[in-house]
Amino acid sequence: MRPALFENNSSFWFETLRSFGHIAYGGADFGEVLTTSQRIREGDFDSWYDEWLVTADRVAAVAREAERKQHKVSARDAWLRASNYYRSAEFFLHGNPGDPRIDHAYEASVAAFKSAMALSERPVAPVEIPFENTTLPGYFYEAADDGSGRPHPVVLIHNGFDGTAEECHFFGIPGLVERGYHVLSFDGPGQPGPMHRENLVFRPDWETVVGAAIDFALTRDDVDPEGVALVGLSMGGQLAPRAAAFERRIKAVVSIDGVYDIAENFIADIPGATREEKAALLRAESAPEVDAQLERAVAESPVMRWALSHGAWVFGVDTPRQVLASMLDYHLGEGIAEQIEAPLLIGDAEGDLFFTGQPQALHEHAPNSTLLVFGDELGANAHCHAGAQRLASAAIADWLDETLRPTA
């Protein structure tokens, strides 16, 4: 799939494709994405923010006017699109976490999404999940009623390195609700809600996060405790299997896309014959040659420029080398993958921009896993299958049906 826009900047093209993909579940409209993108100066983070904010504000105004006139469906649809556009606007600004534009757009995105959910046909409630000394923000979607009166299975879903709980909606939550699943989407440490509220950075022991979410879901009488599934997107493709290795209440887990070792692809060019040698350099008190190498990588690669600047914020560190050192803690090696007992579905996008080869590595180590390859012929080969959301969401939901409800 060749870039239709931003041919010389893979990050800008992927983030544009991401919004094109969200059309599938109401997060964008084609003309709005296209005309916004055509106004953006390629590679210019300020231009990206300015133009997406203009579009988001314009669509939010449409939503407010529709709501004022009691056109609830139109208002809901516009609020959904505005939420995604606000999310996109602040995406590239995290190299300076103190930039007030970040909070402005993020808060507008969350507010727009909550306005949309308040107008939803099925009940969707913002929730606060108790977690250690704080709470984690999320949303509980009630399943479509099948008339049986029996508890429904529940799908927990979280994003990864940069996505929001709100954005999870566009990765197919409405389709899961239609199929009779409750859904609990949430942000954990390192993800936007906890980062914006209290600068709560990522932590490797993700089973503590998911355990709290399961505890919360099981307080409801209409949730089937034997039907708990977990879906992790992007970096969540490592976090979710990690949680499943230790949290036995999970009966099915989906990794989109599969990640065995977050750091491996990012440290490939760091000097050293082994992972241990590379780790020693990254964690050393001083490694000026590596620092210079990473400065060049930031200058030459749009992906590294964004990943290392965003990573400093969400890992709570100061330098590119420290970002890579932090990534080393996020892996499924040392026998962790082998401990996953629940059935595991691993998505593999053939043209993944970030984690090439990682799904296969996870599949090789996880004994009860299925590898689902998405190729270019169906426009599904991008990271997290952006641009093929209906196709991917159907495949995931069908696998969950076959795994959790084989006799239904």
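Further up the page is the structure itself.
Worth saying up front: this structure is predicted, and the values here are computed from it rather than measured.

### Section: the layout of surface pockets
- By volume, the largest pocket is sized at about 540 Å³.
- Considering the residues around the largest pocket, the lining is formed by 24 residues, among which R76, S120, E121, H169 and P174 are closest to the centre.
- Among the elements of the structure, α4 (72-89) and α6 (173-178) are those that each provide at least two residues to the lining of the largest pocket.
- Class assignment for the residues of the lining of the largest pocket results in 12 nonpolar, 3 polar and 9 charged.

### Considerations on the environment of L233
- Considering the arrangement of structural elements, one finds L233 in strand β5 (residues 223-233).
- Along the chain, L233 and D257 lie 24 residues apart, while their C-alpha atoms are 6.5 Å from each other.
- Setting aside its immediate chain neighbours within four residues, L233 contacts I157, H158, N159, G160, C168, F171, I256 and C384.

### Regarding helix α1 (residues 10-21)
- Taking 1.5 Å of rise per residue, 12 residues should cover 16 Å, and α1 covers 16 Å from first to last C-alpha, within 8% of that figure.
- Counting buried residues in α1 gives 11 out of 12 residues, a clear majority hidden from the surface.
- Within the sequence span of α1, burial applies to S11, F12, W13, F14, E15, T16, L17, R18, S19, F20 and G21.
- Taken together, the buried residues of α1 touch α2 (30-39), α3 (45-68), α4, α12 (302-315) and α15 (389-404).
- With a side-chain oxygen positioned 3.3 Å from the backbone nitrogen of S11, the residue opening α1 is N9.

### Points about empty space enclosed by the protein
- Scanning the entire structure with this criterion turns up 5 cavities of 30 Å³ or more.
- By volume, the largest cavity is sized at about 280 Å³.
- Lining the largest cavity are 25 residues, with D162, S234, W306, F354 and H383 sitting closest to its centre.
- For the lining of the largest cavity, the secondary structure elements donating two or more residues are α1 and α12.
- In terms of residue count, the dominant contributor to the lining of the largest cavity is α1 (4 residues).
- Along the lines of polarity and charge, the residues of the lining of the largest cavity split into 15 nonpolar, 6 polar and 4 charged.
- The space that makes up the second largest cavity amounts to roughly 80 Å³.
- Forming the boundary of the second largest cavity are I157, F171, G172, L176, V231, L233, S393, I396 and A397.
- Residue assignment for the lining of the second largest cavity shows that the elements contributing at least two residues are β5 and α15.

### Some details on the pairing of β5
- β5 sits mainly inside the fold: 8 of its 11 residues count as buried.
- Sheet topology note: the strand β3 (residues 152-158)/β5 ladder contains 6 bridges and is parallel. Its bridge partner being in β5, H152 is matched across the sheet by V223.
- The pairing of β5 with strand β6 (residues 252-256) spans 5 bridges and is parallel. Residue pairing for β6: G232 is matched across the bridge by S255.
- A crossover connection joins β5 to the parallel β6 through helix α9 (residues 236-246); in handedness this β-α-β unit is right-handed.

### A closer look at the side chain of R242
- Relative to the assigned elements, R242 resides in helix α9.
- Residue R242 is classed as buried on the basis of its relative accessible area of 14%.
- The residues touching R242, leaving out its near neighbours within four places in the chain, are P204, D205, W206, E207, L332 and I336.

Calculation notes
- Residues numbered from 1 in each chain as written.
- Predicted model: local features only at pLDDT ≥ 70, side-chain atom pairs only at ≥ 80, totals over all residues.
- Heavy atoms only, no water.
- 1 Å grid on protein atoms, 1.4 Å probe; cavity = no way out; pocket = protein on both sides within 12 Å on 5 of 7 lines; lining within 4 Å.
- Points joined across faces, edges and corners; volume = space filled by probe spheres on them.
- Helix = DSSP H or I, 4+ residues; strand = E, 2+ residues; numbered from the N terminus.
- Nonpolar A, V, L, I, M, F, W, Y, C, P; charged D, E, K, R; others polar.
- Contact = heavy atoms within 4.5 Å.
- Expected span 1.5 Å × (residues − 1).
- Buried < 20%, exposed > 50% of the residue type's maximum accessible area, 1.4 Å probe, protein only.
- Polar contact = N/O pair within 3.5 Å; in protein donor to acceptor, adjacent residues only side chain to side chain.
- Pairing = 2+ DSSP bridges.
- Right-handed = clockwise from strand over helix to strand, strands pointing away.

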